[in-house]
Structures are given as C-alpha cells and as structure tokens.
Amino acid sequence: MSRSLIQTSNQSAQAVAVGGIIGLGSTLRRFGCNCRLSGNGIEILGEGYYTIDANVSVTPTAAGAVTVGLFLNGVQIPGAIAFTTGAAGVPEAIVIPTTIRQGCCCDGADNITCVLIAGAGVVNNIAVRVVKE
C-alpha cells in the first residue's frame, strides 16, 4: 500500500442550499497519486484505509441547527455527520473526522464530497484533509 495525502481549503464565502455540495476550493498540499481534487470533490483511488478530516465554518441564516455530512459517490458515509446549533449570523464550527475502507478491485476513482444536509447557511471556510494510510 502507498501513502498519499491531500489538503484543500476554500476561504471564500459560499451560500449553499440545503442538499448542496460545498466547494472545496484549491489544493494546498498533495503527496502521492491516490488522492486528488476533482471539481467540488476529492477523488480517491486504490485499496486501503483513508482518514478524512473536514472542518467547516458556517454562519446560519436562521437560528437553529446546521448539519453537514461527508458523502462517498453520492451516498452518506455512515457516522460522518455533524451539526451545530447557533444564532442567525453567528459563525459556528463543524468538525467531521472519519475513516473509510476501500476494498480490492477498485476499477475507478471514488468521489468524496461535503454536503450541507440541513439548515441554511453561508459556509465561510472549509478545510478538508484526506490521508491514505
């Protein structure tokens, strides 16, 4: 197994609709060939374990909960979901750490995305790191 890493960041304010994918911005660091930025997702390729850390700063447009989750090929990764409850206009932090396993016989790249699941808000900053262990 080879070790790879990618770290992305987007510090531009994004108004994201509920159910919308959060733009990951640009690549800050990248090592190896198993992880790469592709549009608003991170493509992973190869058998092994991948550790994912997503840090999202979101300002709710209305008081209440804002929920963010990580998805693999459009399907929510079990347990990779977090929420915050805050006042309208007050930035809140959401942190999602998880690990996924890619089995053998991977014929193509899989795509990891970060989705605003519930609660309208403006994403002020997102940083995502994926490490192939």
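Residues numbered from 1 in each chain as written. Predicted model: local features only at pLDDT ≥ 70, side-chain atom pairs only at ≥ 80, totals over all residues. Heavy atoms only, no water.

Draft legend 1. Structural context of the overall build of the protein chain. When helices and strands are counted, the protein chain shows zero helices and eleven strands. Over its C-alpha atoms the protein chain spans a radius of gyration of 15 Å, differing by no more than 12% from the 14 Å that the globule rule assigns to 133 residues. Counting only C-alpha atoms and orienting by the principal axes, one finds that the protein chain spans roughly 45 × 25 × 20 Å. Within the protein chain, the fraction of its 133 residues that count as buried is 42%. By sequence separation, contacts in the protein chain at least 24 residues apart represent 74% of the contacts at least 6 residues apart. Split by element, the accessible area of the protein chain, about 6300 Å² in all, is 55% carbon and sulfur. (Helix = DSSP H or I, 4+ residues; strand = E, 2+ residues; numbered from the N terminus. Rg over C-alpha atoms; globule rule 2.2 N^0.38 Å. Buried < 20%, exposed > 50% of the residue type's maximum accessible area, 1.4 Å probe, protein only. Contact = heavy atoms within 4.5 Å. Areas by Shrake-Rupley, 256 points an atom, 1.4 Å probe, with all protein chains shown as cover.)

Draft legend 2. Inspection of the sheet that holds strand β8 (residues 75–86) at higher detail. Spatially, β4-β5-β10-β7-β8 is the arrangement adopted by the five strands of the open sheet, whose pairing is antiparallel. Of all the strands in the sheet, just β4 (35–38) and β8 have a single pairing partner and so form its edges. Adjacent strand axes in the sheet meet at a mean angle of 25 degrees when their direction is disregarded. Pairing analysis gives eight bridges linking strand β7 (residues 64–72) to β8, with the strands arranged antiparallel. Note on β8: the bridge partner recorded for Val 66 is Thr 84. (Pairing = 2+ DSSP bridges. Axes fitted to C-alpha atoms, helices over the stretch in contact; angles between N-to-C directions.)

Draft legend 3. The arrangement of the nonpolar core in detail. In terms of nonpolar packing, the biggest core is built from 29 residues, with Ile 44 and Val 130 touching the most fellow members. Of all the secondary-structure elements, those providing two or more residues to this core are β5 (41–44), β6 (48–60), β7, β8, β9 (92–102), β10 (110–118) and β11 (121–132). Residue contacts for Val 130: discarding those within four places in its chain leaves Ser 4, Leu 5, Ile 6, Cys 35, Ile 42, Ile 44, Tyr 50, Thr 51, Ile 52 and Ile 112. (Core = buried A, V, L, I, M, F, W, Y, C linked by side-chain atoms within 4.5 Å.)

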